[in-house]
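So the chains spell out like this:
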Amino acid sequence: MKKATLKDIAKESGVSIKTVSRALNDYPDINRKTKARILEIAKKRDYSPNLLAKSLRDNKSYTIGYIISDTMNEFFWDVAYAIESEFKKYKYGILTSFSNNNPSVELEALKLLISRQVDGIILASIGSNCEFIREIIEKLNIPVVVIDNKVKGLKCNVVLHDNINGAYLLTKHLIEHGHKEIACISGPQNETSGKRRIEGYIKALQEFNLKTYDDFLKISDWTISGGYQAALQLFKAKQKKPAAVFICNSVMALGSLKALRELNLKVPQDVALVSFDSLNFIEATNPALTTLERSDYKIGEAAAKLLYENILDRDNSKKEVKEIYIETGLSIRESCGCKERRQ
């Protein structure tokens, strides 16, 4: 059977080829009933657009790039799902690359996406390559939206967790359980996600006039191993032991739980735990971890919408830089000492 063309659909629907094209591309100025009739005919005729011809005509690749900093953290994959779901509405594909928390690998990933002529990039940055990203935006006129970690010195659209408030809420919850000696395990301080979460932790302690102990603050990486080593340092040391710990991501929390089991410390009886983000495995931990509510889909959706706005309007001189912070509440389970779960 011969493949249907725009001309075929226009003839059957009794409108111009231009009207068919605008209806299929979801332009708002098409009569609702006319659009519905065109879409029904296109579906019946199994019409599919020639994307290569369309991209050449519009000077667009209809592809965006997404760079993930940590392939072991499922947060970034859930963000990817939200990004893909949003861009499917606009008939865009996604090229995904990985930096593995390595600045040089991130740089190569950016160069690869540029060579593929993507229309925009969503970047989970590790905070490096500021100058190169600036060139992408200003000289190549490719829109970039940064998620998870703000790049210092770069005027760029960002979508982030509300890191300070989230850390504050979790630490405050431990304080409300009566804990006064609360430790914190965080990620690298050259990343805003690690730095801001410590700020929220300290803010809660100061609000309740609680002492901050230098020995209670452990800086590691965002991995299971990082959380494991940091927890061992906290509880194998000879100095005073904390009664509770705020962990700045749930991957590190897995390592912390492993360390506490090896030390025969029970959660929450011997030490209470809370963790920043809520990932799929949280319900399977024993006990289940108290965290923030999920924000991955909200972050991905917000980043995708912001990038699409930028793609439609590439005039950098008039472009307003936006910083979007995603707020979440607590998702209370048992690791903090609460007996009943509250979602």
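Only a predicted model underlies this, so the values are computations on that prediction, with no experimental measurement involved. (Residues numbered from 1 in each chain as written. Predicted model: local features only at pLDDT ≥ 70, side-chain atom pairs only at ≥ 80, totals over all residues. Heavy atoms only, no water.)

### A closer look at the environment of Asp296
Convention followed: Comment: elements are numbered from the N terminus, with helices defined as DSSP H or I runs of at least four residues and strands as E runs of at least two. For every residue, the accessible area (1.4 Å probe, protein chains only) is compared with the maximum for its type, and the residue is labelled buried under 20%, exposed over 50%, or partly exposed between those bounds. Here a residue-residue contact requires only that any non-hydrogen atoms of the pair lie within 4.5 Å.
One can find Asp296 in helix α12 (residues 296-312). Since its relative accessible area comes to 5%, Asp296 is described here as buried. Each C-alpha atom, one on Asp296 and one on Val79, is 5.1 Å from the other, the two residues being 217 residues apart in sequence. Look past the residues within four positions of Asp296 in its chain and what remains in contact with it is Phe75, Asp78 and Val79.

### Focus on the pairing of strand β8 (residues 244-247)
Here is the rule: Strand pairing is assigned whenever DSSP identifies at least 2 bridges connecting the two strands.
Judged by which residues are buried, β8 turns out to be covered on both faces: Ala244 and Phe246 on one side and Val245 and Ile247 on the other are all buried. Direction of pairing for strand β6 (residues 182-186) relative to β8: parallel, over a ladder of four bridges. Its bridge partner lying in β8, Ile182 is registered against Ala244. Taken together, the four bridges between β8 and strand β9 (residues 272-275) define a ladder with parallel strand orientation. Directly across from Ala244, in β9, lies its bridge partner Ala272.

### Some words on the sheet that holds strand β5 (residues 157-161)
Backbone hydrogen bonds hold the strands of a sheet together, and the pairing may be parallel or antiparallel. Rules: Only the stretch in contact is used when a helix axis is fitted, and all axes are lines through C-alpha atoms; the angle between N-to-C directions ranges over 0 to 180 degrees.
Read across the open sheet, the six strands follow the order β2-β1-β3-β4-β5-β11; overall the sheet is parallel. Edge positions in the sheet fall to β2 (93-98) and β11 (323-326), since each of these pairs with one other strand and no more. Recorded for the sheet is a direction-independent mean angle of 15° between the axes of neighbouring strands. For strand β1 (residues 63-68) and β2, the ladder comprises six bridges, and the chain directions are parallel.

### Some points on helix α10 (residues 224-236)
Put simply, the rule is: Here the expected span of a helix is defined as 1.5 Å times the quantity of residues minus one.
Taking 1.5 Å of rise per residue, 13 residues should cover 18 Å, and α10 covers 18 Å from first to last C-alpha, within 8% of that figure. Among the residues making up α10, those that are buried are Gly226, Gly227, Tyr228, Ala230, Ala231, Leu232, Leu234 and Phe235. In this structure, the buried residues of α10 make contact with β6, β7 (217-219), β8 and α11 (250-262).

### A closer look at the packing of aromatic side chains
Quick note on the threshold: Aromatic pairs are defined between Phe, Tyr and Trp rings, using the six-membered ring for Trp, whenever the two ring centres lie within 6.5 Å; interplanar angles under 30 degrees are classed as stacked, those over 60 as edge-to-face, and all others as tilted. Sitting over a ring, as applied to charges here, requires NZ of Lys or CZ of Arg to be within 6 Å of the ring centre and within 35 degrees of the ring normal.
This structure, assessed with the given rule, holds 11 aromatic pairs. Pairing Phe75 with Phe76 gives two aromatic rings, centres 5.1 Å apart and planes at 75°, and the pair type is edge-to-face. Exposure remark for Phe75: the relative accessible area of 4% places this residue in the buried category. Taken together, the ring pairs connect Tyr62, Phe87, Tyr90, Tyr92 and Tyr308 into an aromatic cluster. Against the face of Phe276 rests Arg197, its NZ or CZ located 3.7 Å from the ring centre. One residue, Lys258, lies across the ring of Tyr228, its end atom 4.9 Å from the ring centre.

### Quick look at the packing of helix α6 (residues 103-115) against helix α7 (residues 130-138)
Stated precisely, the cut-off is as follows: Angular relationships are summarised with four words: roughly parallel below 35 degrees, roughly antiparallel beyond 145, roughly perpendicular across 65 to 115, and oblique for the angles in between. The sense of a crossing depends on the near helix, which, turned anticlockwise from the far helix by less than a right angle, makes the crossing left-handed and, turned clockwise, makes it right-handed. Each residue gets one of three labels, nonpolar for Ala, Val, Leu, Ile, Met, Phe, Trp, Tyr, Cys and Pro, charged for Asp, Glu, Lys and Arg, and polar for the others, Gly among them.
In the contact formed by α6 and α7, the axes pass within 11 Å of each other and the chain directions differ by 15°. Relative to α7, α6 is oriented roughly parallel. Our pair here, α6 against α7, has a crossing hand that is left-handed. Of the residues in α7, those in contact with Leu107, Leu110, Lys111 and Ile114 of α6 are Phe132, Ile133 and Ile136. Looking at side-chain class alone, the contact of α6 with α7 contains six nonpolar, no polar and one charged residues.

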